[in-house]
Amino acid sequence: MKRQLLGVAAFMLALSAHAQDNPLWMRYCAISPDGTSIAFTYKGDIYTVPVNGGKAAQITTNAAHDTHPVWSPDGKQIAFASDRMGSMDIFVVDREGGIPKRLTTHSGNETPVAFKDADHILFLANVMPSAEDAQFPSGQFQQVYEVSTTGDRPVMFSSMPMEDISINKTGNALLYHDKKGYEDPWRKHHTSSITRDIWLCSLDGKRSYRKLTSFNGEDRTPVWASDGKSFYYLSEEKGSFNVFKRALDGTTSTQLTHHTKHPVRFLTAADNGTLCYGYDGEIYTMKEGTE
């Protein structure tokens, strides 16, 4: 019996060492604007790793769950969500680590989605839809709020649900995917009247909206291309979720990745055109036209 127990212990130690050498299920990867570093969530903490690979640096260390890292435009700070105070709140921390600063105190959950500019973060929360919002009142339809990096009182940015927001360099337009009804965000090969589509929202004066995709399935997670005239996004148009590119004028989409077994998730892009995404628990990078 003792020999059997020692054998089991050795086997478990070997498994643990293998897991440390080959970590899987790194989630919510996000490439920095300058394309040099990638932030991601692993086992409830935020890490960064050089874009060419190497040793990851642990940015947060807390018994709570830290998730959804978002880079500031200058790449010096990382916003993230953490339940270290009870519910999920928005925090911001230096890219090298340090003591995170809490920005929101609402009793519900908040999730960062993008920096509106250098000093303001957009986040999702279910607080109070505006009277003009015609959506059916439900906790499924979160509003978009903004909060300054100094932690002032949050203000509503959009009562209409906008998910996976990407703001262009001039700050006068954003891309997002809509939310028409409840569906598990991890579901694959879903077709119905509530599948997500990509939209363009102009921020010049009175807001205007234009639908950019109409595939009878899932189109998600748009990110601006460096030319400001096209965008990358995730779609199941050809089967599994893969990376596609499309011009703002609505021309035919171009498929850039061709994964078949698992879906591509967590797409982001750097200013130099480097794309970053998650696939089968690992982190991938690529540039258009390359592997």
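Structural data are supplied above this passage.
Everything numeric in this text was worked out from a predicted model, so none of it was measured. (Residues numbered from 1 in each chain as written. Predicted model: local features only at pLDDT ≥ 70, side-chain atom pairs only at ≥ 80, totals over all residues. Heavy atoms only, no water.)

### Details of the overall build of the protein chain
Threshold: Starting at the N terminus, helices and strands are each numbered in turn, a helix being any DSSP run of H or I of at least four residues and a strand any DSSP run of E of at least two. It is over C-alpha atoms that the radius of gyration is taken, and the globule rule equals 2.2 Å times the number of residues to the power 0.38. Think of it in three bands: residues with accessible area under 20% of the maximum for their type are buried, residues over 50% are exposed, and the middle band is partly exposed, with areas taken using a 1.4 Å probe on protein chains only. We call two residues contacting when some pair of their heavy atoms lies within 4.5 Å. Neither His nor the chain ends contribute to the count of charged residues, in which Lys and Arg are positive and Asp and Glu negative. Here the site of a charge means atom NZ of a Lys, CZ of an Arg, CG of an Asp or CD of a Glu.
Scanning the protein chain for helices and strands turns up one helix and 23 strands. For a compact globule of 291 residues, the expected C-alpha radius of gyration is about 19 Å, and the protein chain comes in at 20 Å, within 12% of that figure. Along the first, second and third principal axes, the C-alpha atoms of the protein chain reach 75 × 45 × 35 Å. The buried share among the 291 residues of the protein chain stands at 48%. Residue pairs in contact within the protein chain that sit at least 24 positions apart in sequence constitute 37% of those at least 6 positions apart. One way to put it: in the protein chain the 30 positive side-chain charges average out to a point 4 Å from where the 34 negative ones average out.

### Some thoughts on the pairing of strand β19 (residues 242-247)
To keep it simple, the criterion reads: We call two strands paired when DSSP finds no fewer than two bridges between them.
Where burial is concerned, most of β19 is hidden: six out of the six residues are buried. Of the two faces of β19, the one carrying N242, F244 and R246 and the one carrying V243, K245 and A247 are both buried. The pairing of strand β18 (residues 230-235) with β19 spans six bridges and is classified as antiparallel. By the bridge assignment, S235 is partnered in β19 with N242. Between β18 and β19, which pair antiparallel and follow one another directly, the connecting turn spans six residues, one of which, G239, has a positive phi of 130°. Counting the residues that bridge the hairpin from β19 to strand β20 (residues 254-255) gives six residues, and of these G250 lies at a positive phi of roughly 85°.

### Description of the sheet that holds strand β9 (residues 110-117)
Stated formally: Orientation is described by lines fitted to C-alpha atoms, with helices fitted over the stretch in contact, and by angles between N-to-C directions that extend from 0 to 180 degrees.
Pairing in this open sheet of four strands is antiparallel, and the strands run β9-β10-β11-β12 from one edge to the other. The sheet is open, and its two edges are formed by β9 and β12 (155-158), each paired on a single side. In this sheet, neighbouring strand axes are inclined to one another by 35° on average, regardless of whether the strands run parallel or antiparallel. Summarising the sheet, β9 and strand β10 (residues 120-125) pair through six bridges and their orientation is antiparallel.

### Some points on the packing of aromatic side chains
Note the cut-off: Between 30 and 60 degrees the pair is tilted, below 30 it is stacked and above 60 it is edge-to-face, where a pair is any two Phe, Tyr or Trp rings, Trp via its six-membered ring, whose centres lie within 6.5 Å. Our definition puts a charge over a ring when NZ of Lys or CZ of Arg is within 6 Å of the ring centre and also within 35 degrees of the ring normal.
Per the stated rule, a full pass over the model turns up 10 aromatic pairs. Centroid distance Y42 to Y47: 6.1 Å. Interplanar angle 70°. Geometry classified as edge-to-face. The pair formed by Y42 and Y47 is uniform in burial state, with each residue classed as buried. Connected via pairs of aromatic rings, a cluster forms that spans Y28, W186 and F266. A cation sits over an aromatic face here: R27 above W186, 4.9 Å from the ring centre. Directly above the aromatic system of F157 lies the positively charged group of R207, at a separation of 4.2 Å from the ring centroid.

### Details of the side chain of T149
Mapping T149 onto the fold places it in the loop between β11 (143-148) and β12. Each residue touching T149, except ones within four places of it in the same chain, is listed here: Q77, K101, L103, F115, A118, D119, H120 and I121.

### Re the state of the cysteines
Under the convention used in this document: Our working definition of a disulfide is a cysteine sulfur pair at a distance within 2.5 Å.
For the coordinates displayed, the defined rule picks out zero disulfides. Cysteine C29 remains unbridged, with the sulfur of C276 as its closest cysteine sulfur at 3.9 Å.

### A word on the side chain of T48
With respect to the helices, strands and loops of the structure, T48 is situated in strand β3 (residues 45-50). With relative accessibility at 10%, the residue T48 sits in the buried group. In contact with T48, other than residues within four places in its own chain, are S37, I38, A39, F40, K55, A56, A57, I59, W71, I78 and R95.

### Description of the pattern of salt bridges
Selection criterion: Salt bridges are defined by distance alone: a side-chain nitrogen of Lys or Arg within 4 Å of a carboxyl oxygen of Asp or Glu.
Tallying each qualifying case throughout the model produces 12 salt bridges. Taking the shortest distance from any N to any O, the salt bridge between E146 and K116 comes out at 2.9 Å. You can see E146 sitting in strand β11 and its partner K116 sitting in strand β9, a full 30 residues away along the chain. In this structure E146 comes out as buried when scored by relative accessible area, which is 11%. Among the ionic pairs, E218 bridges to R196, the shortest N-O distance being 3.1 Å. Placement of E218 in the loop between β16 (208-211) and β17 (219-224) and of R196 in the loop between β14 (173-177) and β15 (198-202) is noted, with a sequence separation of 22 residues between them.

### Focus on unusual backbone geometry
Phi is positive for W25, which is not a glycine, with a value near 60°. Residue W25 is classed as exposed on the basis of its relative accessible area, which comes to 53%.

### Section: the sheet that holds strand β4 (residues 57-58)
In a beta sheet, neighbouring strands pair by backbone hydrogen bonds and run either parallel or antiparallel. The strand order across the open sheet formed by four strands is β1-β2-β3-β4, and the pairing between neighbours is antiparallel. The open sheet has two edge strands with one neighbour each: β1 (27-31) and β4. As paired strands, β1 and strand β2 (residues 37-42) are joined by three bridges and run antiparallel to one another. Bridging from a neighbouring strand, I31 pairs with I38 of β2.

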